[in-house]
Amino acid sequence: MIANVLGPVLAAALLPGAPSPPHLHECATATTRCDGTVEVPLDWENPSSERISVAFTFIPAKNADGTVAANRGGPQPALPETPAIQQVLGPVLDRKNLLVMDPRGIGQSSPLSCPGADPFKPATVAACAESVGARGSYFTADQASHDLDAVRRALGLGKMSYFGNSYGTLYAQAYAARYPNSLDAIFLDSSLVIGRDGYADQGFDARLDYLDLVCERSKACDALPGTASGIWTKLVERLRKQPDPEVTLHQALTLREPAEAVLGRENVAAAHAYLNGDPAPLRRLARLTPKTIPPFDPPWFAGHLAFRCGDGSFPFDRLAPAAERQAQAERYYERERPLAPFQPTDFFPTEAVASQEWCINWPTPRHSPPRPPGQALPDVPILVVAGDFDVDRPSEVERSLRVFPSATVIRIPFGIHAQSLFPSPLGECVRGMLRTFLTTKRVVDQKCTGENYRAVGAFPQKLGDVAPHPARKLSPAQRRILAATFATAADATARRNPHAFYYFGRQNESGLRGGQVTFGQDITLDGVRFVRDLRVSGPITLTQDGRATAALTAETDGRVHEVALTWTAFSTRPALSGTFDGIPFG
């Protein structure tokens, strides 16, 4: 690392390769990646306060016409994410410098440390807060925004663009509120919602309406009795009364999330099947997820807590002592039930609300809204992408960002959290919008979507439960076998949806009711039983554009049928053609 003390006056520009003037950081004249630090006050309103060190990475571009400051979220160390940010920005960095800074208190920026702190053990959070002491209230987005501008000035940079994802969108808004003349464009992915008080909404909502959104767009799913959210509510109530070691309540919380394509395609139908005596589909999904809440104890946890608690709004008074905060939070959870149909006690046997609301035991005595109410905000181009299945709904994001005069919010159907970082066609589409915007400052809606499937409505248990395919040249029995064979193939192929991130790297899976599916260059079925009385074997080939072809054998009642299928996978209308025992259909 190259240390540098920030001087009182900084130049606006430098010639590449020239010696840096005494008031500029050595990285200001770098022609390749340069890692450095600047010293800043702990409290920017008190210049004589303790000095802390803030670390950054600066990657200059040849003939640069600007700089992109970037943060992909957390709050967590940012510098290790630099390669991922470079991949996202891609050709933008041919003409723009990249600046990444570790937030104060995290990573290499004077990190806060609390070994043994566990967010699910409230006493350890309280001990961590006591260990950090009063200085912990200065590790927040408002102070970090001043740090970023100190780095900008130390490097002699002019106006910057900002790319923020998730918590990085909070840093971006905090910076824009305090340095409106230092920005020329802002791109936000998965933006946090900031309330009228200037603090970020850190609440958690079970969001069962997301299930309704998916199910209502599918005739098969929408035909189920009641609503999708109602079916899931009944499932949770059943699991609470009759615990299932193969489907825990924590897994039920995870499985309700339709952002993962396989879950979105199957979870409601699987819940309906479970409630009606067929547990196999839901138990298969549950095997994808941990039975209990995984531990969260990174070395930067104290810094994470400081930001999250100092920047957020919660169901308790920020200035109240811990005991009163807990009482307020408990009354809120009892009255509003934000997790409904779940309860904190479903996941935490003791101190349930405090284990859910980590910041109860983290004092926040300093007024530190990330985006102060009434603050003048820059009239610069701002492009925001908001996915249907993100933490906050697109409508909530749009309402929060109306305070920016030139903000455009684009809803991404079936979009997910951090979609610009996702290795999929959806991610590539969003990255295209990002790159165009940061290069030209123009908003070009490329109609990105993650909606490449329809939710299923049922999991048939035997051939007789399957609706026959309408192939005219086949007998009713043949049409039923054809439909069941295709359902088996489509079920396996769905696990290679580019948005099926639970299956990334997965090499095999048991068939729903028997047999084995292997995921390699091809998808190979070996005696797979999607329904009990039909065994399907053979390879399925997928092209990059989602074209699927299969050469399968389907065995039932001692007879083997040869079935060739061709269809477009990952489509809301997968037209099917092929042959059944040599008879063409389509």
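Refer to the preceding data block for the structure.
Residues numbered from 1 in each chain as written. Predicted model: local features only at pLDDT ≥ 70, side-chain atom pairs only at ≥ 80, totals over all residues. Heavy atoms only, no water.

Quick word on the overall build of the chain
- On a plain count of helices and strands, the chain comes out with 16 helices and 18 strands.
- At 27 Å, the chain has a C-alpha radius of gyration in line with the 25 Å of a compact globule built from 586 residues.
- In the chain, which comprises 586 residues, the share counted as buried stands at 56%.
- Here the analysis covers contacts within the chain between residues at least 6 apart in sequence; of these, 65% occur between residues at least 24 apart.
- For the chain, the exposed surface amounts to about 24300 Å²; the carbon and sulfur share of it is 51%.
- Within the chain, one finds 60 positive and 61 negative side-chain charges whose respective centroids are separated by 5 Å. (Helix = DSSP H or I, 4+ residues; strand = E, 2+ residues; numbered from the N terminus. Rg over C-alpha atoms; globule rule 2.2 N^0.38 Å. Buried < 20%, exposed > 50% of the residue type's maximum accessible area, 1.4 Å probe, protein only. Contact = heavy atoms within 4.5 Å. Areas by Shrake-Rupley, 256 points an atom, 1.4 Å probe, with all protein chains shown as cover. Lys, Arg positive; Asp, Glu negative; His and termini not counted. Charge placed at Lys NZ, Arg CZ, Asp CG, Glu CD.)

Regarding the sheet that holds strand S3 (residues 67-71)
- In spatial order, the strands read S1-S2-S4-S3-S5-S6-S9-S10; together these eight strands make up an open sheet with mixed pairing. Strand pairing shows two members of the sheet lacking a second neighbour, strand S1 (34-41) and strand S10 (407-412), which therefore form its edges. Each neighbouring strand pair of the sheet contributes to a mean axis angle of 20°, computed without reference to strand direction.
- On top of the sheet, helix H3 (residues 141-154) reaches S1, strand S2 (51-59), S3, strand S4 (97-101) and strand S5 (160-165); it is set at about 140° to S4, its chief contact.
- Running at roughly 145° to S5, helix H4 (residues 167-178) makes contact with S3, S5 and strand S6 (183-189) of the sheet. (Pairing = 2+ DSSP bridges. Axes fitted to C-alpha atoms, helices over the stretch in contact; angles between N-to-C directions.)

Brief notes about the packing of helix H5 (residues 209-216) against helix H7 (residues 228-241)
- Two elements in contact, H5 and H7, have axes whose closest approach is 7 Å; the angle formed by their N-to-C orientations is 130°. With respect to H7, the element H5 is oriented oblique. Contacts from Leu211, Asp212 and Cys215 of H5 reach H7 at Ala228, Ser229 and Trp232.
- The residue inventory of the contact of H5 with H7, partitioned by class, reads four nonpolar, one polar and one charged. (Parallel < 35°, antiparallel > 145°, perpendicular 65-115°, else oblique. Nonpolar A, V, L, I, M, F, W, Y, C, P; charged D, E, K, R; others polar.)

Things to note about the sheet that holds strand S16 (residues 559-568)
- On the basis of which strands lie adjacent, the open sheet formed by eight strands has the order S11-S12-S13-S14-S15-S16-S17-S18 and antiparallel pairing. Edge positions in the sheet fall to strand S11 (508-510) and strand S18 (583-585), since each has one partner strand and no second. Averaged over all pairs of adjacent strands, the angle between strand axes in this sheet comes to 10°, irrespective of strand direction.
- Across three bridges, the pairing between S11 and strand S12 (residues 516-519) is antiparallel. Paired with Asn508 across the strands is Thr518, a residue of S12.
- Sitting on the sheet, helix H16 (residues 476-493) touches S12, strand S13 (523-528), strand S14 (535-542), strand S15 (547-556), S16, strand S17 (576-580) and S18, and the angle it makes with S16 is about 55°.

Some points on empty space enclosed by the protein
- Considering all chains together, one arrives at four cavities of 30 Å³ or more under this definition.
- Taken as a whole, the largest cavity holds about 140 Å³ of empty space.
- As for the largest cavity, its lining consists of 15 residues, of which Asn71, Met101, Leu148, Tyr162 and Tyr171 are closest to the centre.
- Mapped by element, the contributors of at least two residues to the lining of the largest cavity are S3, S4, H3 and H4.
- Broken down by class, the residue content of the lining of the largest cavity amounts to 13 nonpolar, two polar and no charged.
- Taken together, Pro258, Ala259, Ala261, Phe389, Phe414, Ile416, Phe422, Leu426, Gly450, Asn452, Tyr453 and His499 make up the full set of residues lining the second largest cavity.
- The residue makeup of the lining of the second largest cavity, split by class, is nine nonpolar, three polar and no charged. (1 Å grid on protein atoms, 1.4 Å probe; cavity = no way out; pocket = protein on both sides within 12 Å on 5 of 7 lines; lining within 4 Å. Points joined across faces, edges and corners; volume = space filled by probe spheres on them.)

Let's talk about the layout of surface pockets
- Volume-wise, the second largest pocket comes out at about 1200 Å³.
- As for the second largest pocket, its lining consists of 41 residues, and the residues nearest its centre are Arg265, Val456, Phe486, Ala490 and Pro574.
- Taken together, the elements giving at least two residues each to the lining of the second largest pocket come down to helix H6 (219-222), helix H9 (261-275), H16 and S16.
- Among the elements that make up the lining of the second largest pocket, the one with the highest residue count is H16 (seven residues).
- Considered class by class, the residues forming the lining of the second largest pocket number 26 nonpolar, nine polar and six charged.

Examining the nonpolar core
- Counting 154 residues, the largest nonpolar core has Phe56, Ile186, Trp232, Phe342, Leu525, Leu565 and Trp567 as the members making the most contacts within it.
- With nine residues, H9 is the single largest residue contributor to this core.
- Among all residues touching Ile186, those that are not within four sequence positions of it are Tyr162, Ala172, Ala176, Val380, Pro381, Ile382, Leu383 and Phe437.
- Within the second largest apolar cluster, 30 residues are counted, among which are Ala185, Val385, Leu421 and Cys448. (Core = buried A, V, L, I, M, F, W, Y, C linked by side-chain atoms within 4.5 Å.)

Here's the deal with the state of the cysteines
- Taken as a whole and judged by the stated rule, the model has five disulfides.
- Disulfide pairing places Cys114 opposite Cys128 at an S-S distance of 2.1 Å. Every disulfide takes its handedness from the sign of the S-S torsion; for Cys114 and Cys128 that torsion is 90°, giving right-handed. Of this pair, Cys114 sits in the loop between S4 and helix H2 (122-132) while Cys128 sits in helix H2, and the two are 14 residues apart along the sequence.
- Judged by relative accessible area, Cys114 falls into the buried class, the value being 14%.
- In this model, Cys429 is linked to Cys448 through a disulfide, with the two sulfur atoms separated by 2.0 Å. (Disulfide = S-S within 2.5 Å.)

Describing the packing of H3 against H4
- Packing of H3 against H4 leaves a shortest axis separation of 8 Å and a crossing angle of 70°. Judged by the angle between their axes, H3 and H4 are roughly perpendicular. On H4, the residues that touch Ala141, Asp142, Ser145, His146, Leu148, Asp149 and Arg152 of H3 are Tyr171, Ala174, Tyr175 and Arg178.

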